[in-house]
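# Architecture at a glance
Chain by chain, the residues run as shown.
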Amino acid sequence: MKNIKEALGAQGVHTLIAQFTDIHGVAKGKWVPLAHLDDLLTEGVGFSGPSIAGTGLPRMGPRSEYYGRGLASTARALPWMPGYARIVCDGFVAGEPFDACPRQVLRRQVGRLADRGWTLHTGIEPEFFLLRRTAHGFEPADADDRLAKPSYDLRSLPRQSEFLSQLSAGLIACGLDVLQVDHEDANGQYEINFEHADALASADNVMLFKLAAHTLAERHGMQFSMMPKPFSDQPGSGMHFHVSLWEGAGDNMRCLFRDPGGNASRGLSPLARHFIAGVLQHSTALCALAAPTVNSYKRLTVGNSLSGTTWAPAYIAHGPNNRTALVRTLSDRFEWRLPDASANPYLATAALIAAGLDGIDRQLDPGAACTSDLFDSTPAERGDRGITSLPSNLFEAVCALDADTVLQAALGDALCEQFIGAKRAEWITYSNHVSDWEMQRYATAF
Ligand code: GLU
Ligand code: MG
């Protein structure tokens, strides 16, 4: 502990940002002077439990206090906030791991894999918008970002280069291996990719990215947004997961998804196929975690975008390098294209593991690979191949989660009660709202 304190002090750190994640995937925490590092790493820093979204903790008594206990190995000095270092915290209540803490939920699923000697790696790919406020709402911060097909636009990147390069350099200095930054397929939309890592580290990295991006965007007078679908005529923001399963450690790590035939182009291992089958079979319920907002379902549609496509999945299918399918298979891994930018990375990963393990334990078969463009398919063609659609709204997804005993057992009663309750309430609030669209369409129509 002394060494960490000294090392942080030598980097000019005077304050620790003790950060945990609430059920909505929002970073929360406190600033703690470096002198109190030891307390943070042992007992943890205390918070009023009921003040944190989704804890369900009482207002008084021993279980009213939520402790964020810091993990020394996660301490990183933040170049965009000189003097400050982030430390990731796990949630504890009454001295025990708190079962509704999203990171503890993921820990339990990672533990189930570890019992079999396995490690899940994810490469999480956040897409996001840089916006500015107008009198009527929001628009892309870069007013010149107007191409009808803006993917990979190199002329717009320099206009946001201060933000993008500070973000990228900041994350690299924190130890993330940033792979690429690009302009995505909507005006004002970007993506940053960093190297895959074990499931907990990857989710921690996404939270660090969000912290950095919010702070830097505000400094540049912009709103960083991970809303899944801000503009109805533009593609939304996905947060795809590249998923692989490993055995062993260090130089002896072996990819369990590798085709045993040795020729990667021939496909994935039987274990990978079972895992994928589990993910496909639980997709409706997985939506509640991976696409957790009312707005998420405006992303999961085919076609309604100025650029000609949404690139978001709408059908429950898998296919080799098929970006029109929910699961795009690649050599040694698959890309889970369902999650959007509003997903809590801990909960989405925990649910993914539970679904995959169910597929493995029941030796499920994912069925024939889809090798055609699903966005062009007809309902009859999909019907013939047994391909079903994703839920069309949050209500259906939450009902599916409520009925999915496998995912519920994995997430735990406390988390499920809080999450399902919060999402039902969100749906009811939305359903009761009379929108501008309804006024325009119906006010004078009858
Ligand atoms: N923006 C798309 C989505 O919502 C994904 C685009 C891509 O394939 O990178 O999933
Ligand atoms: Mg993308």
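Rules used throughout
Residues numbered from 1 in each chain as written. Chains lettered and ligands numbered in written order. Predicted model: local features only at pLDDT ≥ 70, side-chain atom pairs only at ≥ 80, totals over all residues. Heavy atoms only, no water. Helix = DSSP H or I, 4+ residues; strand = E, 2+ residues; numbered from the N terminus. Expected span 1.5 Å × (residues − 1). Contact = heavy atoms within 4.5 Å. Donors = N, O, S within 2.8 Å, 3.2 Å for Na, K, Ca; no water. Buried < 20%, exposed > 50% of the residue type's maximum accessible area, 1.4 Å probe, protein only. Axes fitted to C-alpha atoms, helices over the stretch in contact; angles between N-to-C directions. Parallel < 35°, antiparallel > 145°, perpendicular 65-115°, else oblique. Left-handed = near helix turned anticlockwise from the far one by under 90°. Nonpolar A, V, L, I, M, F, W, Y, C, P; charged D, E, K, R; others polar.

### Observations concerning helix H4 (residues 161-173)
For H4, which comprises 13 residues, the first-to-last C-alpha distance of 17 Å matches the rise-based estimate of 18 Å (1.5 Å per residue) to within 8%. Contacts made by the buried residues of H4 are with strand S8 (118-134), strand S10 (178-183), strand S11 (189-194) and helix H5 (199-219). Glycine 175 sits one or two residues past H4 and shows a positive phi near 100°.

### Quick look at the coordination of the magnesium ion (ligand 2)
On the protein side, the magnesium ion (ligand 2) has Glu127 (OE), Glu184 (OE) and Glu191 (OE) as donor atoms, found 2.0 to 2.4 Å from it. In terms of primary sequence, the donors binding the magnesium ion (ligand 2) are separated according to E-x56-E-x6-E. Assessed through its relative accessible area of 13%, glutamate 184 is described here as buried. By relative accessible area, which is 6% here, glutamate 191 ends up buried.

### Examining the packing of helix H7 (residues 283-290) against helix H11 (residues 394-403)
One can describe the packing of H7 onto H11 by two numbers: an axis separation of 7 Å at closest approach and a directional angle of 115°. When the axis of H7 is compared with that of H11, the two are roughly perpendicular. Regarding H7 and H11, the two cross each other, and that crossing is left-handed. From H7, Thr284, Ala285, Cys287, Ala288 and Leu289 reach across to H11, where they touch Ala397, Val398, Ala400 and Leu401. Taken together, the residues of the contact of H7 with H11 sort by class into 8 nonpolar, 1 polar and no charged.

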